[in-house]
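Structural description and commentary
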Amino acid sequence: MESPLTHVQPWLKNHHPYLISGPCSVETREQFLTAARALAATGKVNALRGGIWKPRTRPNAFEGIGGKGIEWMLEARAETGLPIMTEVATAEHVELCLQHQFDMLWIGARTTANPFSVQEIAEALKGVDIPVFVKNPVNADLSLWIGALERIYAAGIQRLVAIHRGFSYYGQSIYRNKPMWEIPIALRSAFPDLPMVCDPSHIGGRRDLLAPIAQRAMDLGFDGLMIESHPTPDQAWSDAAQQITAEVYQQLIDALQIRQHNTNDLAATNALASLRSQIDKIDEEVIGLIGERMRLAEHIGAYKKDHNMMIFQLDRWQEIIATRSQLADRIGLSKDFIDKFLEQLHKESIRTQTRVMNQTE
Ligand code: PEP
Ligand code: MN
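Residues numbered from 1 in each chain as written. Chains lettered and ligands numbered in written order. Predicted model: local features only at pLDDT ≥ 70, side-chain atom pairs only at ≥ 80, totals over all residues. Heavy atoms only, no water.

Note on metal geometry: ideal angles are 109.5 degrees for four donors arranged tetrahedrally and 90 or 180 degrees for six donors arranged octahedrally. Protein coordination of the manganese ion (ligand 2) is provided by Cys24 (SG), His202 (NE2), Glu228 (OE) and Asp239 (OD), with donor distances spanning 2.1 to 2.3 Å. Mapped onto the polypeptide sequence, the residues donating to the manganese ion (ligand 2) form the spacing pattern C-x177-H-x25-E-x10-D. Taken as a pair, histidine 202 in helix α8 (residues 200–204) and aspartate 239 in the loop between β8 (224–228) and α10 (246–255) lie far apart in primary sequence, 37 residues in all. (Donors = N, O, S within 2.8 Å, 3.2 Å for Na, K, Ca; no water. Helix = DSSP H or I, 4+ residues; strand = E, 2+ residues; numbered from the N terminus.)

If you want it as structure tokens, here you go:
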């Protein structure tokens, strides 16, 4: 079944990159107005964000200032002329924002993970023309993200955006939420017109990680960024470790290398075409070699069958990993890549041998 999202509007593409900033939470009138003024003064912000209702992992953390934050955001918009956006998690949030003519809305990662909540929001949005940004769900599930986008789209929302904010996982990593770039890349491949914004703040969880994540997003062709900024980050009521002042924000944006999709420079275009044709040739060779390797695996399968041997031989597998990893390391291939590559190769080889073993002639 073709997804209706195939026909989504590429509406954000004229701004490159589209920049959203503001504090994680709207805390006080003074705090939000100060943040908004400082960000507007950078001239590097297209929209102001601020969380009024905060879904928190543990109770008793700051759960948002609630409805009174709305007035402060409206005041900031009137003063700076910048559009405002906030997170909605229920139909009631949507109604309040619509009543006060918010410019845009976003759905948070915890909400996207729950189809009932997304559906409730979609119902509240029926017949309304407002841009809606949908964060990826907390878990690494592309279908769940697509499903949430489809629900909002089906409500009649034409201007949709996906926000990549990383995925939660159990274990150690430098990231607060693992980026797993392959997931937003898969979303982009499925729906090339769907605008995508990256949220380095919630991926990194730490100030020093924001710039490299933002740069990576630009290199991968994201359409924009959402970055949390607070006048006094260390005193923030939520997400203190990842927020930055407007001054630091400006430095970060100024330092970004913004990539173009294509270039008008003919020499560069030719050079790229030549590199691509070399890559095409290498890929053909690699695939041909893998085919040859599988034919050898077939012979091995036949040999093991004749000699009544087990397919999986642990010592041989360990030797393959050790020697190939060393080789890969010497030429600068990452351990993660070579481990995954060998695992796939081995799986296919075992599959081939199993087929040969079970052949009845
Ligand atoms: C936020 O934007 O402050 C937020 C709560 O983000 P997420 O839904 O990505 O956790
Ligand atoms: Mn936050």
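Quick look at the packing of helix α12 (residues 314–330) against helix α13 (residues 335–357) now. Contact geometry for α12 and α13: axes closest at 10 Å, N-to-C directions at 140°. One finds that α12 runs oblique with respect to α13. Considering only the axes of α12 and α13, their crossing is right-handed. When α12 is examined against α13, the residues Trp317, Ile320, Ile321, Arg324, Ser325 and Ala328 are found in contact with a partner set consisting of Ile338, Asp339, Leu342, Glu343 and His346. The class makeup of the residues in the contact of α12 with α13 is 6 nonpolar, 2 polar and 3 charged. (Axes fitted to C-alpha atoms, helices over the stretch in contact; angles between N-to-C directions. Parallel < 35°, antiparallel > 145°, perpendicular 65-115°, else oblique. Left-handed = near helix turned anticlockwise from the far one by under 90°. Contact = heavy atoms within 4.5 Å. Nonpolar A, V, L, I, M, F, W, Y, C, P; charged D, E, K, R; others polar.)

Since one α-helical turn is 3.6 residues long, residues separated by three or four positions face the same way. An ideal rise of 1.5 Å per residue puts 18 Å on 13 residues; helix α2 (residues 68–80) measures up with 19 Å between its terminal C-alpha atoms. Listed as buried for α2 are Gly69, Ile70, Trp72, Met73, Leu74 and Ala76. (Expected span 1.5 Å × (residues − 1). Buried < 20%, exposed > 50% of the residue type's maximum accessible area, 1.4 Å probe, protein only.)

Okay, the sheet that holds strand β5 (residues 132–135) next. Two modes of strand pairing occur in sheets, parallel and antiparallel, and in both the strands are linked by backbone hydrogen bonds. If you walk around this closed barrel you meet the 8 strands as β1-β2-β3-β4-β5-β6-β7-β8, and the pairing is parallel. Each neighbouring strand pair of the sheet contributes to a mean axis angle of 25°, computed without reference to strand direction. Relative to β5, strand β4 (residues 104–107) runs parallel, the two sharing 3 bridges. Bridge assignment links tryptophan 106 to a residue of β5, and that residue is phenylalanine 133. Its contacts with the sheet place helix α6 (residues 142–154) against β4, β5 and β6 (160–164), and it is angled at close to 155° to β6. (Pairing = 2+ DSSP bridges.)

Moving on: helix α11 (residues 266–306). The terminal C-alpha atoms of α11, which comprises 41 residues, lie 60 Å apart, in line with the 60 Å expected from a rise of 1.5 Å per residue. Those residues of α11 lying buried are Met294, Ala297, Gly301 and Lys304. The elements touched by buried residues of α11 are α13. Two or three places before alanine 267, at the start of α11, stands the capping residue aspartate 265, its side-chain oxygen 3.0 Å from that residue's backbone nitrogen. (Polar contact = N/O pair within 3.5 Å; in protein donor to acceptor, adjacent residues only side chain to side chain.)

Relative to the elements of secondary structure, lysine 135 occurs in strand β5. What makes lysine 135 buried here is its relative accessible area of 5%. Discounting chain neighbours no more than four positions away, the residues touching lysine 135 are Arg49, Trp106, Ile107, Gly108, Ala109, Thr112, Trp145, Ile163, Arg165, Asp199, His202 and Met226.

Bringing the domain arrangement of the chain into the picture now. Per the domain assignment, the segments of the chain are domain 1 (4–255) and domain 2 (266–357). With centres defined by C-alpha atoms, the gap from domain 1 to domain 2 works out at 41 Å. (Domains from an automatic or database assignment.)

Moving on: unusual backbone geometry. Cis geometry marks the peptide bond from histidine 16 to proline 17; its omega dihedral reads -10°. Turning to its location among the elements, proline 17 is positioned in the segment before β1 (18–22). Its identity as a non-glycine residue notwithstanding, glutamine 101 has a phi of 55°, on the positive side. With respect to the helices and strands, glutamine 101 occurs in the loop between α3 (91–99) and β4. Exposure remark for glutamine 101: the relative accessible area of 57% places this residue in the exposed category.

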